[in-house]
Amino acid sequence: MALKILLVEPEFPIPPKSKNHRNFLPIGLLKLASYYRELGDSVKLIRGNKTEKEIRRSGNERWWIPDKIMITSLFTYWAGYVRDSVAHYRKLYPDARIIVGGVYASLMPDHCKKYTKCDEVFVGVHKGAEKSFPAYDLIENNPHPLDYQIVRTSRGCIRNCEFCGVKKIESRFKANANIKTEIIHRKLVFYDDNLLANPHIQKILSELIELKSKKQILWCEAQSGFDGKILKEKPYLAEMIKKAGFHYPRIAWDWGYEQHHEIKEQLDLLIDAGYRSKDLFVFMLYNWDIPFGEMERKRLKCWEWQVQIADCRYRPLDKIYDGYDSKKRKQTGREYHIQKESGWTDKLIRTFRSNVRKQNICLRQNTKYYSADMERKRISKDMTNEYKKLSYEEAKGYLKDAWNPAVIHYT
Ligand code: SF4
């Protein structure tokens, strides 16, 4: 008997304009949708906690009562949104079986069962759905049309970084040999946890280069960045990455300052392949085991190299809340995780985030210093163009808020 299945993305705190952004597309639900459709079931995708009327409106059927509700989860610290969705849909459809899957469910299944009060927790990857092509037609085109496609050539990772949950969800590394046949869009976003670890990466990049040369693809993006160690072992990959059209490549600098020679060598491979330094990103985890002062020295190195920083605030894998609010001036460790053991404080966390932001703006705008007055256009366009030519030492004579990226800032 055909089932009616409601696929739900909880009311995650994603701004409406970013809902269809490539970082937030509920790709697992889209694959499940295809899988169940192939089995002859009726599916609906709902994003957020909607009323029965709104759910009915999203289809032609007058009465549509789901038999099964599948709710996805993401970061553990968004567990509260999952719990709210379970409660919401339980109230709407008391007879439906509610299953929660996804990242939080897989990392903390027992907690998920008790905390959300769902009927079942699905751990890991749904093998049947994994092979299905995502049902992109279920994504509403507003506010932005979906003009890209998510691709995965592998699952899992060959490494086991202590702050990362990938190994816990996917213990074995599995890879595909080609992707050419599944490409339908000209913009490709790779969701691989470690794309370069795919043993067939050379073949895959060759396929992409061919598609790019025939203008069948426009650009590619590796959402998790590139493994710099593999790049170092196989330096020829850098040129292939560039030719395949990967934009804004990122490599991670997870450990201490002393790694800087190694990181620079990895960046140089990408620069030699034709990337501009300011289009490269170094991924950095802060509020973690590396203290603030050392993180600042790492930031200064990135300024010296003129590469941007993609910063990520650390939250432990089992944290089920994160009340950090960038608009607030002050918060406590009760509201969000502060890695006090390494000397981090609320103030230092906000300072580091702000320093990185200002430095990245300098790089993007080709200036030697940052000025909020310039950024917020409180200065005329002509004057801004003149000031942009100045060094920090010269600029501080004209702009009271000139900020120098080349020194450590504790406030
Ligand atoms: S290399 Fe990346 S994906 Fe792999 S375990 Fe480390 S952080 Fe996770």
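Residues numbered from 1 in each chain as written. Predicted model: local features only at pLDDT ≥ 70, side-chain atom pairs only at ≥ 80, totals over all residues. Heavy atoms only, no water.

Caption draft 1: Up close: the packing of helix H8 (residues 201-213) against helix H10 (residues 236-243). Between H8 and H10, the least distance of the axes is 8 Å, while the angle of their chain directions is 30°. Of the possible angle classes, the one that applies to H8 and H10 is roughly parallel. Handedness of the crossing formed by H8 with H10: left-handed. Side by side, H8 and H10 meet where Ile201, Gln202, Leu205, Ser206, Ile209 and Lys212 of the first sit next to Tyr236, Leu237, Met240, Ile241 and Lys243 of the second. Per-class residue counts for the contact of H8 with H10 are seven nonpolar, two polar and two charged. (Axes fitted to C-alpha atoms, helices over the stretch in contact; angles between N-to-C directions. Helix = DSSP H or I, 4+ residues; strand = E, 2+ residues; numbered from the N terminus. Parallel < 35°, antiparallel > 145°, perpendicular 65-115°, else oblique. Left-handed = near helix turned anticlockwise from the far one by under 90°. Contact = heavy atoms within 4.5 Å. Nonpolar A, V, L, I, M, F, W, Y, C, P; charged D, E, K, R; others polar.)

Caption draft 2: How the structure looks around unusual backbone geometry. The phi angle at Lys117 is positive, at roughly 60°, despite the residue not being glycine. In this structure, Lys377 is a non-glycine residue whose phi angle is positive, near 60°. Looking at where Lys377 falls in the secondary structure, it is placed in the loop between helix H14 (372-375) and helix H15 (381-387).

Caption draft 3: Broad picture of the domain arrangement of the protein chain. Segmenting the protein chain into domains produces domain 1 (4-128) and domain 2 (136-374). When each unit is reduced to the centre of its C-alpha atoms, the spacing between domain 1 and domain 2 is 28 Å. At the junction of domain 1 with domain 2, the criterion picks out one salt bridge. In this structure, Arg37 and Asp137 form a salt bridge, with 2.8 Å as the shortest nitrogen-oxygen distance. The interface formed by domain 1 and domain 2 contains four residue pairs in polar contact (both at pLDDT 80 or more). Going through the elements one at a time, helix H1 (27-38), strand E2 (42-47), helix H3 (79-92), helix H4 (103-107) and helix H5 (109-116) are the ones with two or more residues in the side of domain 1 that touches domain 2. (Domains from an automatic or database assignment. Salt bridge = Lys/Arg side-chain N within 4 Å of Asp/Glu carboxyl O. Polar contact = N/O pair within 3.5 Å; in protein donor to acceptor, adjacent residues only side chain to side chain.)

Caption draft 4: Quick peek at the environment of Lys215. In this fold, Lys215 is placed in the loop between H8 and strand E10 (219-222). Look at Lys215 and you get exposed, because its relative accessible area is 62%. When the C-alpha atoms of Lys215 and Arg186 are compared, they prove to be 8.2 Å apart, with 29 residues separating the residues in sequence. (Buried < 20%, exposed > 50% of the residue type's maximum accessible area, 1.4 Å probe, protein only.)

Caption draft 5: Expanded view of the site of the ligand. If you check the shell around the ligand, you find Cys157, Arg159, Cys161, Phe163, Cys164 and Asp193 and nothing else. Each residue belonging to the shell around the ligand can be placed in one class, and the counts come to four nonpolar, no polar and two charged. (Near = heavy atom within 4 Å.)

Caption draft 6: The arrangement of the pattern of salt bridges in detail. In this structure the tally under the stated criterion is 29 salt bridges. Ionic pairing is found between Asp227 and Arg159, a salt bridge with its closest N-O pair at 2.7 Å. Taken as a pair, Asp227 in the loop between E10 and helix H9 (228-233) and Arg159 in the loop between strand E7 (154-155) and helix H7 (166-169) lie far apart in primary sequence, 68 residues in all. Given the relative accessible area of 28%, Arg159 is considered partly exposed. Through salt bridges with shared partners, a single ionic network connects Lys31, Glu130, Arg155 and Glu170.

Caption draft 7: Representation of the packing of aromatic side chains within the structure. Summed over all chains, the structure comprises 23 aromatic pairs. Plain terms: the ring middles of Tyr35 and Tyr36 are 5.1 Å apart, the flat faces sit at 75° to each other, and that makes the pair edge-to-face. Look at Tyr324 and Tyr336: their rings are 4.9 Å apart centre to centre, the planes differ by 65°, and that puts the pair in the edge-to-face class. Here the residue Tyr324 occupies a position in the loop between strand E13 (308-313) and helix H13 (346-365), and Tyr336 occupies one in the loop between E13 and H13, the gap between them amounting to twelve residues. Note on accessibility: Tyr324 and Tyr336 belong to one class, buried. One aromatic cluster is present, built from ring pairs that chain together Phe12, Phe75, Tyr77, Trp78 and Tyr81. One cation-aromatic arrangement involves Lys44 over Trp64; the distance from NZ or CZ to the ring centre is 5.1 Å. The ring of Tyr257 carries the charged tip of Arg297 above its face, separated from the ring centre by 3.9 Å. (Phe/Tyr/Trp six-rings, centres within 6.5 Å; stacked < 30°, edge-to-face > 60°. Lys NZ or Arg CZ within 6 Å of the ring centre and 35° of its normal.)

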